[in-house]
Each structure stands twice: as structure tokens, then as C-alpha cells.
Amino acid sequence: QVQLVESGGGLVQPGGSLRLSCAASGFTLNYYVIGWFRQAPGKEREGVSCIRSRDGRANYVDSVKGRFTISRDNAKNTVYLQMNSLKPEDTAVYYCAAVVGKPDSIDYGLGFMSHRYDYWGQGTQVTVSS
């Protein structure tokens, strides 16, 4: 069945970069949505970015615009989150999640609503620190 596996987290210095990967199985990325969420200690889970597989349309939360780029490789059933110019406030566990069997709209906040997502990965730790 549907499985999502994140990888690519680690420890980086402020200003550094990481690329997270979300490998999906059990469905193809076409006509589905993959979102990236993060949860920092003591904070609520927040949506970071999301992408619509059929056309690559993407949205970003304001705090990462211009620094993060989401992309997909449909042949590999994998979605990436390239994170540049990382800041300490980016420190969190990052999760990928999938919308399956629903309309694939990512506008009007739908891409950042946790309850819209059906499947979740295990999370990967990103730590930005000197």
C-alpha cells in the first residue's frame, strides 16, 4: 500500500543547504499532491511546501519563499525539497505527506492543511546550527 519515506536530513550551518527526498510507493505521483510539513520543538506542525504531480504546480509558505524549491521526478515517484539559505528557525522534523483519491487542488490553503493529507512519512530531522 501507500508508503512515504523521507531522507536527506542532517545538521547544517546557517546559510547551508540540504535536499530532502520523499520516495513514494503504492501510487504514482501523477494526479496526486505531495506536501512537506515540519514540526519544531514546542510548535505546531506547519505546512512548508506542496506540489501537484500532474503539472508541477507548487506553493510555499511565506517563510521559505525564495529559499526552498520543491520538485518532482514522476519516473522515480520521488519529490524533493531543496532547502537553501537555511536558518536556525528551519530546525524541525520534516515530514512528507500525500493526498490520494481527492481533487488535487493546492490553492486557497488546501496544500497546507494537515487534515487533507492521507498518508505520512516517518520524518527526517533537519538541524540548522553553528
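Above: the structure in question.
**Description of the pattern of salt bridges**
Working step 1: Under the counting rule described, the total for this entry stands at eight salt bridges.
Working step 2: Of the charged contacts in the structure, one is a salt bridge between R57 and D107, with a shortest N-O distance of 2.7 Å. Remark: D107 occurs in the loop between β9 (92-99) and β10 (119-120) and R57 occurs in the loop between β5 (46-52) and β6 (58-60); sequence separation between them is 50 residues.
Working step 3: Overall, D107 belongs to the buried group, its relative accessible area being 19%.

**Side note on the sheet that holds strand β3 (residues 18-25)**
Working step 1: Here we have four strands laid out as an open sheet, ordered β1-β3-β8-β7, and antiparallel in their pairing. Both edges of this open sheet fall to β1 (3-7) and β7 (68-73), since each of them pairs with a single strand only. Recorded for the sheet is a direction-independent mean angle of 15 degrees between the axes of neighbouring strands.
Working step 2: In this structure, β1 lies alongside β3, joined through five bridges in antiparallel fashion. Note on β3: the bridge partner recorded for S7 is S21.

**Notes on the environment of I70**
Working step 1: For I70, the location among the structural elements is in strand β7.
Working step 2: The exposure class of I70 is buried, given its relative accessible area of 6%.
Working step 3: Remark: the alpha-carbon pair of I70 and M83, spanning 13 residues in sequence, is separated by 8.7 Å.

Criteria and cut-off values
Residues numbered from 1 in each chain as written. Predicted model: local features only at pLDDT ≥ 70, side-chain atom pairs only at ≥ 80, totals over all residues. Heavy atoms only, no water. Salt bridge = Lys/Arg side-chain N within 4 Å of Asp/Glu carboxyl O. Helix = DSSP H or I, 4+ residues; strand = E, 2+ residues; numbered from the N terminus. Buried < 20%, exposed > 50% of the residue type's maximum accessible area, 1.4 Å probe, protein only. Pairing = 2+ DSSP bridges. Axes fitted to C-alpha atoms, helices over the stretch in contact; angles between N-to-C directions.

None of this, on its own, says anything about what the molecule does.
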